[in-house]
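What follows is each chain in one-letter form.
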Amino acid sequence: MSSVLYDAQGPRAKRRNILFTGVFVVALAAVVWWVYTSLDDKNQLEWALWKPFFSGTEAWSTYIWPGLQNTLKAAALAMVIALPLGAVLGIARLSDHVWVRVPAAIVVEFFRSIPVLVLMIFGQALYANYTNVSSDDRPLYAVVTGLVLYNAAVLAEIVRAGILALPKGQSEAAMAIGMRKGQVMRLILLPQSVTAMLPAIVSQLVVIVKDTALGGAVLTFPELLASTNTMIGYYGNTIASFTVIAVIYIALNFSLTTFASWLEGRLRRSKKSTGAVLGEDAVEVNPVAVGGSFGTGGEGGGTSGSRTYP
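Please read these numbers as outputs of a predicted model, since none were measured by experiment.

Rules behind the numbers
Residues numbered from 1 in each chain as written. Predicted model: local features only at pLDDT ≥ 70, side-chain atom pairs only at ≥ 80, totals over all residues. Heavy atoms only, no water. Core = buried A, V, L, I, M, F, W, Y, C linked by side-chain atoms within 4.5 Å. Buried < 20%, exposed > 50% of the residue type's maximum accessible area, 1.4 Å probe, protein only. Helix = DSSP H or I, 4+ residues; strand = E, 2+ residues; numbered from the N terminus. Contact = heavy atoms within 4.5 Å. Expected span 1.5 Å × (residues − 1). Bend = angle between axes of the 7 residues up to and from the residue. Salt bridge = Lys/Arg side-chain N within 4 Å of Asp/Glu carboxyl O. 1 Å grid on protein atoms, 1.4 Å probe; cavity = no way out; pocket = protein on both sides within 12 Å on 5 of 7 lines; lining within 4 Å. Points joined across faces, edges and corners; volume = space filled by probe spheres on them. Nonpolar A, V, L, I, M, F, W, Y, C, P; charged D, E, K, R; others polar.

K.L.:
Describe in detail the nonpolar core, supporting the description with residues and values.
P.N.:
Nonpolar side chains in soluble globular proteins tend to be buried together. Within the largest apolar cluster, 32 residues are counted, with the highest numbers of intra-cluster contacts made by Val143, Leu147 and Ile208. Elements represented by at least two residues in this core include exactly α3 (58–92), α5 (116–130), α6 (138–164) and α8 (181–218). Considering each element in turn, this core owes the most residues, 12 residues, to α6. Sequence-distant contacts of Leu147, that is, excluding residues within four places in its chain, are made with Ala78, Val116, Met120, Ala152, Ile208, Asp211 and Thr212. Counting 15 residues, the second-largest nonpolar core is a separate cluster that includes Leu49, Ala59, Leu224 and Ala240.

Structure follows, in C-alpha cells:
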C-alpha cells in the first residue's frame, strides 16, 4: 500500500530490509555479549557487589534516597521558577515596544550563551560574598540559580518560536473582532502554541534534571550522583552503583516524558469542538453593525452585516 510519504516496498527492498535488520540484531547481540564477558572477567557481576541494592535498605536509605531528594528538590525549584520566567521573557521579545523587546532580547541572549556550570559557580560566589545564606544551603541556592538563569533563557526562545510558528491569520482574526493585544496573546496565541511547544519544553525539563549533577561535581551539592561517589567508596562497587543510578535517572526522565505525552494528548483532545450548532432562532440579527445592511432599500432591506451570538 502506497502512502503520501513513501511508496510501497518491492520484493527486493523487503529482502534488503530483512537483511539489514538481521545484521543489526547480530551486531547488537555481539556487543551485549562482549560487555557481559568483559564485566564477568573483571568479577563485576559477582553477587556481593550487587547485594546492597537487592537485599536490605541501607544503600537506599543512607545514600540513594537522600541524594534523589536533593536532585528532585533542585530540579523542581528550577522548573517552577524557570517556566514562568521563560514565558515572560519570550512574550516580551515579541512586544511592539522597543523598551520592552530589546532588554528582554539582551537578557535571553546573554544567559543563553553562558554555560550553566559557570552560572552555578557565579551563584556560589554571589551568595558567599553578598548574602547571609548559610554554607549548608549555599550549594542548593547556587545550583537553582544557575539552572533558572540558563533554562529560562532557553525556554524563552522556545516560547517565542512556538508563538511565531502560528499562522498570522490567528492574531489578525482576533484583532478584527476587537480583541486587544494582551487578549490575543492570552486567549488565542498561547493556548494554541502550548501544545506545539510541549515536546521541546519537556526536553528542556529533562535537561534540568540531569544538570543538577553539575552541582554535585563542582559545588559539593549532595545530589544523587554525588551521593553515589560516597556509596562507591563504602561498598567498592563502581559498575553496580553507576548502573543502578543510571536506571533511576532513566526512570525519572521517562516518567516526566510520559506525563508530558499524556498531557499533550489531553490538550489536543480538549481543543476539539463539542459545541452544538446554533439554529436560526438562536441568532440575533444586527443590521446596523459593521457598516449597516447591505441592501439599498429601507428598514430590513438586505442581509445583515454581522451576527451577535447570545
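K.L.:
Please give an account of α8 that cites residues and values.
P.N.:
When the terminal C-alpha atoms of α8 are compared, their 45 Å separation across 38 residues is substantially less than the 56 Å that a helix rising 1.5 Å per residue should span. Remark: the principal bend of α8, roughly 55°, maps to Met197, with a proline, Pro199, within the next four residues. Following α8 by one or two positions, Thr220 adopts a phi angle in the positive range, close to 55°.

K.L.:
Can you break down unusual backbone geometry residue by residue, with the values?
P.N.:
Positive phi, close to 60°, is recorded for Asn43, a residue that is not glycine. For Asn43, the position within the fold is in the loop between α1 (11–41) and α2 (47–54). Classification of Asn43 as partly exposed rests on a relative accessible area of 44%. Positive phi, normally seen in glycine, also occurs at Thr220, with a value near 55°. You can see Thr220 is positioned in the loop between α8 and α9 (224–235).

K.L.:
Lay out the environment of Pro199 in plain terms, naming residues and giving numbers.
P.N.:
As for its position among the elements, Pro199 is in helix α8. Taking the C-alpha atoms as reference points, Pro199 and Ser261, 62 residues apart in sequence, are found 7.9 Å from one another.

K.L.:
Would you mind going over the pattern of salt bridges in detail, with residue names and values included?
P.N.:
Taken as a whole and assessed by the stated rule, the structure comprises four salt bridges. Linking Glu157 and Arg93 is a salt bridge whose minimum nitrogen-to-oxygen distance equals 2.6 Å. Separated by 64 residues along the polypeptide, Glu157 in helix α6 and Arg93 in the loop between α3 and α4 (98–113) bring together distant segments of the chain. The pair formed by Glu157 and Arg93 is uniform in burial state, with each residue classed as buried. The partner of Glu109 in a salt bridge is Arg112, and the shortest N-O contact between them spans 3.0 Å. Of this pair, Glu109 and Arg112 both sit in helix α4, three residues apart, roughly one helical turn.

K.L.:
An account of the layout of surface pockets is requested, with residue identities and associated values reported.
P.N.:
With a probe scaled to a water molecule rolled over the atoms, the places where space remains empty come into view. Approximately 580 Å³ is the volume found for the largest pocket. What lines the largest pocket is a set of 18 residues, and nearest its centre among them are Leu94, Asp96, Lys181, Met185 and Leu189. Sorting the residues of the lining of the largest pocket by element identifies α6, α7 (168–176) and α8 as the ones contributing at least two each. The leading source of residues in the lining of the largest pocket is α8, at five residues. A breakdown of the residues in the lining of the largest pocket according to their chemical character gives 10 nonpolar, four polar and four charged. One number sums up the size of the second largest pocket: a volume of about 180 Å³. Leu83, Val194, Leu198, Ile201, Val202, Leu205, Leu256, Phe259, Ala260, Leu263 and Leu267 together form the lining of the second largest pocket. At the level of elements, α8 and α10 (238–270) are the ones that each hand at least two residues to the lining of the second largest pocket. For the lining of the second largest pocket, the class distribution of residues is 11 nonpolar, no polar and no charged.

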